[in-house]
Amino acid sequence: MKFTFRVSPNYRQPLSTQWIMTELTLCIAVVLGYNVVYYYLNPNLGPEYAIHALSMIATSLVVAIGTEALWAKFYAKKPVLKYLTQSFPWVTALLFVGMMGVNKPLYVIIVGSLVSTLIGKLIFGGFGQNIFNPAGVGRAFSVLAFGGFIASQFPDVVTGATPNQVMESLGWVITKPEAVTAYLNQFNGLWGLFSGQYVGAIGETNTLLIMLVGLYLSVRKIIDWRVPVVFIASLFTFATIIMYFKGMGWWYPIFSISTGGAMFGAVFMLTDPVTSPTSIPGRIIFAIGVAFLATLIRVKGHLPEGVIRSILFMNMVTPLIDRGLDGWPLKAMKKYAFTIGTVFAVSLLTVSFTATTISYKEPYVPEDSIPNLGDPILFSTLPTAGNVNIVSTTVTGDITTFVIETKGHAYEAEWETDPKPNVIEVKINTVTKTIVSVTFVTYHDTASLQYATSHPVFLKQFDGLSIIVDNSVDVVIGATFTTDSVIRAVNAAIAAVLTPQ
Amino acid sequence: MPLWIGPMNAHLNGHKELTSHNEIVTVKPKGEVYIPLSNGNNAAVEVLVKEGDKVKVGTLLAKRSVPFVVPIYSSVSGTVGVVKSMMHAVMRPCDHLVIVSDGKFEKAQSFSPIDYTSATRDELVDFIMNSGLMGCGGAGFPTYIKYKNPVNIHTLIINAVECEPYITADYRTMKEFLDDLIYGTKALLKASTAKEAIIAIKKNKVEVCTKIQALLANEPQIKLFMTPDKYPMGWERTLVYEFTHKRYDKLPSEIGVIVNNATTAIALAQSLKYGSAIDEKIITFSGDGLKHPVNVKVPYGTTVKEIVEAIGGYSAEDVLVIAGGPMMGKTIPTDNFVITSYSNAITILKTTPQEAIPCMRCGRCNDTCPAGLLPVRINNAEAVADLDLIVKLAADQCIECGMCSYICPSRIDVTEGVRRAKRALMLRKK
Ligand code: SF4
Ligand code: SF4
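Residues numbered from 1 in each chain as written. Chains lettered and ligands numbered in written order. Predicted model: local features only at pLDDT ≥ 70, side-chain atom pairs only at ≥ 80, totals over all residues. Heavy atoms only, no water.

## A look at the overall build of chain A
- Broken down by element type, chain A carries 20 helices and 5 strands.
- Burial analysis of chain A (501 residues in total) assigns 58% to the buried set.
- Long-range pairs, those at least 24 residues apart, make up 71% of the contacts in chain A with a sequence separation of at least 6.
- A total accessible area of about 20,300 Å² is found for chain A, and carbon and sulfur atoms account for 66% of it. (Helix = DSSP H or I, 4+ residues; strand = E, 2+ residues; numbered from the N terminus. Buried < 20%, exposed > 50% of the residue type's maximum accessible area, 1.4 Å probe, protein only. Contact = heavy atoms within 4.5 Å. Areas by Shrake-Rupley, 256 points an atom, 1.4 Å probe, with all protein chains shown as cover.)

Dropping the structure here:
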């Protein structure tokens with residue numbers, strides 16, 4: 001007989017960290033899976049997108065797991081398999097890729113996943129030691145390194161500006177009912193926005209689904225329900241204040257919790273145990289803090305996706321929160337209540353004050369959110385005729401001016417009962433075979449997109465482009481149906497010039 | 001309970017079905033029994049018998065008077081042997097008096113029975129003192145202390161919660177002696193000067209609850225209180241809070257409450273009625289390390305080894321022998337130690353491999369600590385030997401209930417870390 005000695009207690013709950021991480025992984029997979037299926041079934045996207053999304057996910061996983069495996073073998077010098085099963089690199093990989101848009105090329109994913117794992121986690125000492133949310137680090141790095149509008153994977157990509165980017169271009173205030181409808185309709189309405197009926201980051205769009213997953217995780221005690229609830233409630237409250245001060249409708253707070261990865265952040269990012277405080281009051285303060293900063297960054301910082309930045313900032317103060325709340329909680333209940341109350345009240349007041357300083361912005365488009373004419377692509381692959389109609393052709397010396405009607409986004413949108421074409425003027429120098437200018441005569445598409453598409457910076461990109469490059473045009477990729485309509489007009493003009501009468 | 005503190009308890013899988021319904025096995029020691037003379041704290045003890053003396057069940061063997069009066073009675077009849085040092089259930093060796101049993105178990109009257117209804121309160125408290133009754137906290141705290149000077153006591157709580165996993169001894173004892181439970185409760189009620197008594201029991205023990213309910217029909221001063229099936233509901237503070245929704249500083253008497261274990265009430269009833277001290281106990285022997293988990297009725301002083309052999313032996317070659325339940329009980333690296341008069345269980349578990357992985361700072365230990373502490377923070381402070389922080393984190397308030405280790409999904413010995421912190425504090429105090 002052997003009588004082993006072990007310190008008490010000798011009884012452990014069934015739930016293990018390994019199992020927590022397994023369930024979490026499955027839940028993230030469900031959310032990503034939704035989007036893959038959505039891309040597959042969406043007539044504007046199709047299997048090509050679904051496959052690309054899957055390759056993004058696979059790439060992220062391979063890079064993260066590979067990095068940790070190499071780290072385990074050559075740096076930590078530990079058995080690789082055991083190291084991996086106690087470090088859970090795949091969770092970081094899935095969270096990171098979930099925050100990336102489906103139009104991102106794979107090299108962005110490779111770099112981002114590597115940065116998440118290596119800089120976000122391993123150099124701090126691995127699982128449990130990192131200060132910043134690793135996936136958040138990767139995501140923030142990608143934005144810094146590749147810009148908000150990373151070169152797109154797809155020429156005809158319909159993944160235009162995200163809801164928050166468009167909102168950002170409008171100064172975060174829309175009050176006119178038509179404008180609100182026009183804005184929301186880009187994302188299939190408020191319900192579409194809430195239930196992920198639009199294209200965005202491959203894990204963030206379906207707020208409803210993430211909410212249900214969060215509910216499941218809370219019931220299973222995988223995450224502390226207080227964190228997402230406090231965060232979303234605070235974000236909603238702060239948005240309600242802005243709504244109240246600016247006379248907007250209830251769509252605004254709903255919009256505010258449905259976009260910008262708010263729910264994804266709430267359920268998967270804020271609840272990361274490693275980088276949030278260890279006590280309940282700490283986690284509550286943490287959640288309020290993220291909501292507060294995200295609100296401010298959105299309306300004042302001119303950075304549309306504020307949630308990740310706010311999480312990273314609050315990660316930094318987590319040790320302070322923990323320190324500040326050290327004590328005997330049972331004897332400090334009043335102090336905790338007071339602290340939480342104060343943090344919330346100060347946030348509320350600051351947001352109220354800020355709300356009075358923001359206003360509806362006249363079409364201002366930050367340069368980097370203007371669709372850019374990325375890599376040259378073949379003329380023949382561009383959407384062409386059918387929807388264009390040359391209204392008039394005027395020849396003045398070398399310059400030929402076309403006025404062209406072209407069916408824009410309004411024709412794609414089901415809600416438009418009486419769509420009208422955009423009218424565009426294209427001037428081409430027939431001698432030098434270059435485009436002189438492209439301008440809008442009338443614009444009939446979605447109001448908010450107008451600012452991007454009719455923006456001088458966008459249209460200026462056409463100026464001086466040669467119309468003959470080995471039988472191809474060295475333009476143009478668009479980001480939306482509306483940009484397509486511009487491109488179609490330009491193509492029609494080019495075709496008219498190149499085809500002898 | 002405000003939302004900014006955790007539940008401070010958790011539901012545990014009790015495995016109570018292993019022993020809650022099968023037959024109680026009586027085990028009689030065949031040769032020597034070893035009567036512990038102290039609780040490992042080396043308190044002075046005056047042995048009143050000599051080697052070679054004949055004793056009976058109930059003969060007064062020894063008496064401790066510092067710091068509290070504790071008489072020690074024999075649990076068998078036979079011949080007094082030598083005093084010998086051996087392992088005690090508190091995991092420290094201490095002196096045991098050897099009695100060689102003659103196998104007859106002849107009884108001697110230890111003291112004269114009294115009728116609590118006619119006795120004065122002081123007589124009753126003295127009686128409790130002389131009967132050698134001890135609380136079941138494992139520390140062997142004599143029962144009479146609580147009743148010495150009751151001030152403004154309004155409620156007596158009879159604790160029948162038994163929240164440790166595997167243990168069903170209290171439950172079985174109660175089922176056997178329901179009348180004694182009520183009788184003892186009434187006696188303690190008198191000693192406590194409280195207006196009413198509460199019998200607290202887990203609500204899932206339906207069968208016993210109904211029976212007690214029926215018995216209480218004509219006892220207006222006693223009420224049944226059903227608690228949730230949570231750990232550590234049987235801990236004084238948790239139980240008192242559950243019932244009164246008040247917290248106290250050191251002792252429940254501050255808020256007018258005295259808490260006593262149900263088995264203590266039963267033992268008192270039996271002493272009152274028959275004039276006998278505790279000689280036998282119902283003890284749960286359970287866990288997957290035993291072939292046949294069962295409740296046994298044994299004279300105290302019998303070794304665990306002898307009992308395990310009598311009930312069919314171990315089911316594995318490598319086991320953990322735990323004095324008490326798996327949460328708070330200590331692992332003893334031998335089975336050659338004895339049942340004490342305040343033991344209630346021996347848990348025997350197969351040794352299974354267990355490996356800790358890094359703390360993920362999830363805070364589960366903080367949320368469930370019944371003392372409302374921050375165990376992971378205490379562990380962090382202990383790791384860097386920050387004594388001031390340990391003091392600030394009130395590590396001395398830890399009751400070593402084991403909850404933080406239990407709940408930790410990374411299988412870290414969080415409780416042990418808190419223990420180390422407490423030890424560091426003690427060392428500094430010295
Ligand atoms: S062992 Fe101590 S620190 Fe751990 S849960 Fe119990 S009382 Fe709290
Ligand atoms: S429960 Fe375990 S993993 Fe979680 S904070 Fe406590 S010690 Fe760390």
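## Topic: the sheet that holds strand E6 (residues 70-73) of chain B
Residues and elements named next belong to chain B.
- The 3 strands are arranged E3-E5-E6 in an open sheet whose pairing can be described as antiparallel. Taken across any chain shown, the strands that pair with only one partner, and hence form the sheet edges, are strand E3 (45-47) and E6. Across the sheet, the mean angle separating the axes of adjacent strands is 20° when strand polarity is ignored.
- In this structure, E3 lies alongside strand E5 (residues 60-64), joined through 3 bridges in antiparallel fashion. Within E5, the position partnered with Val 45 by the bridge is Arg 64. (Pairing = 2+ DSSP bridges. Axes fitted to C-alpha atoms, helices over the stretch in contact; angles between N-to-C directions.)

## Quick notes on the interface of chain A and chain B
- Every contact between the two is made by 53 residues of chain A and, on the other side, 73 residues of chain B.
- For the pairing of chain A and chain B, the buried interface totals around 5,300 Å² over both sides, and the portion due to carbon and sulfur atoms is 54%.
- Counting the surface chain A buries against chain B, the share from its top three residues, Phe 3, Tyr 11 and Arg 12 of chain A, is 16%.
- Counting across the chain A and chain B interface gives 9 salt bridges.
- The salt bridge involving Lys 2 of chain A is made with Asp 318 of chain B; its shortest N-O contact spans 3.5 Å.
- Viewed at the interface, chain B and chain A are joined by 39 residue pairs in polar contact (both at pLDDT 80 or more).
- When its residues are assigned to classes, the side of chain A that touches chain B shows 28 nonpolar, 14 polar and 11 charged. (Buried area = accessible area lost by both parts, 1.4 Å probe. Salt bridge = Lys/Arg side-chain N within 4 Å of Asp/Glu carboxyl O. Polar contact = N/O pair within 3.5 Å; in protein donor to acceptor, adjacent residues only side chain to side chain. Nonpolar A, V, L, I, M, F, W, Y, C, P; charged D, E, K, R; others polar.)

## What about the sheet that holds strand E2 (residues 388-396) of chain A?
Residue and element names in this part refer to chain A.
- Read across the open sheet, the 4 strands follow the order E2-E3-E4-E5; overall the sheet is antiparallel. Each end of this open sheet is capped by a strand with a single partner; those strands are E2 and strand E5 (434-442). When the angles between neighbouring strand axes are averaged without regard to direction, this sheet yields 20°.
- Of the pairings in the sheet, the one linking E2 to strand E3 (residues 399-406) comprises 8 bridges and is antiparallel in character. Across the sheet, Ser 392 pairs through a bridge with Val 403, a residue of E3.

## Side note on the nonpolar core
- Ranked by internal contacts, the top residues of the largest apolar core, which has 100 residues, are Tyr 39, Ile 202, Leu 217, Phe 231, Trp 251, Tyr 252 and Phe 268 of chain A.
- Excluding residues that lie within four positions of it along the chain, Phe 268 of chain A makes contacts with Leu 24, Cys 27, Ile 28, Val 31, Leu 95, Ile 210, Val 213 and Leu 217 of chain A.
- Within the second largest apolar cluster, 44 residues are counted, among which are Leu 124, Ile 158, Ile 182 and Ile 278 of chain B. (Core = buried A, V, L, I, M, F, W, Y, C linked by side-chain atoms within 4.5 Å.)

## So, the domain arrangement of chain A
Residues and elements named next belong to chain A.
- Under the domain assignment, chain A is made up of domain 1 (1-148), domain 2 (166-361) and domain 3 (373-498).
- On a C-alpha basis, the centres of domain 1 and domain 2 stand 23 Å from each other.
- Between domain 1 and domain 2, the contact holds 40 residues from the first and 34 residues from the second.
- Each partner contributes to the roughly 2,900 Å² buried at the junction of domain 1 and domain 2, and carbon and sulfur atoms together form 70% of this total.
- Of all residues in domain 1, the largest losses of buried area upon contact with domain 2 belong to Val 31, Tyr 34 and Asn 133, amounting jointly to 19% of the total for that side.
- For Glu 23, the salt bridge identified is with Arg 220, shortest N-O distance 2.5 Å.
- Elements supplying a minimum of two residues to the side of domain 1 that touches domain 2: helix H1 (17-41), helix H2 (47-76), helix H4 (89-98) and helix H6 (134-146).
- Here the side of domain 1 that touches domain 2 gets 13 residues from one element, more than from any other, and that element is H1. (Domains from an automatic or database assignment.)

## Some remarks on the site of ligand 1
Residues and elements named next belong to chain B.
- Taken together, 13 residues lie around ligand 1, and Cys 369, Cys 398, Cys 401, Gly 402 and Cys 404 are the ones closest in.
- If you list the elements that add at least two residues to the shell around ligand 1, you get helix H11 (403-407) and helix H12 (414-429).
- Across the shell around ligand 1, the residue classes break down as 10 nonpolar, 2 polar and 1 charged. (Near = heavy atom within 4 Å.)

## Focus: the pattern of salt bridges
Residues and elements named next belong to chain B.
- Going through the model one piece at a time under the given rule, you end up with 31 salt bridges over all chains.
- Lys 50 is the salt-bridge partner of Asp 53, the closest N and O atoms lying 3.8 Å from each other.
- A residue is classified by how much of its surface remains accessible, and Asp 53, at 23% relative accessible area, is partly exposed.
- Salt bridges here are not isolated pairs; linked through shared partners, they connect Glu 400, Glu 416, Arg 419, Lys 422 and Arg 423.

## Regarding the site of ligand 2
- In the vicinity of ligand 2, the residues found are Cys 359, Met 360, Arg 361, Cys 362, Gly 363, Cys 365, Val 376, Cys 408, Pro 409, Ser 410 and Val 414 of chain B.
- The residue makeup of the shell around ligand 2, split by class, is 8 nonpolar, 2 polar and 1 charged.

## Observations concerning the pairing of strand E10 (residues 196-202) of chain B
All names here are of chain B.
- Of all 7 residues making up E10, 6 are buried, and the element is well covered by its neighbours.
- Across 5 bridges, strand E9 (residues 155-159) lies against E10 in parallel orientation. Bridging across to E10, Ile 158 finds its partner in Ile 199.
- One ladder, built from 6 bridges, connects E10 with strand E11 (residues 222-227); its direction is parallel. From the neighbouring strand, Ile 198 faces E11, where its bridge partner is Lys 223.
- After leaving E10, the chain enters helix H4 (residues 206-215) and then returns to the sheet as E11, a path that is right-handed. (Right-handed = clockwise from strand over helix to strand, strands pointing away.)

## Digging into the packing of H4 of chain A against helix H5 (residues 106-118) of chain A
Residues and elements named next belong to chain A.
- Two elements in contact, H4 and H5, have axes whose closest approach is 10 Å; the angle formed by their N-to-C orientations is 135°. Classified by the angle their axes make, H4 and H5 are oblique. Helix-helix and strand crossings are classified by hand; for H4 and H5 the assignment is right-handed. Contact residues: Thr 92, Phe 96 and Val 97 in H4; Val 108, Ile 109, Gly 112, Ser 113 and Ser 116 in H5.
- Considered class by class, the residues forming the contact of H4 with H5 number 4 nonpolar, 4 polar and no charged. (Parallel < 35°, antiparallel > 145°, perpendicular 65-115°, else oblique. Left-handed = near helix turned anticlockwise from the far one by under 90°.)

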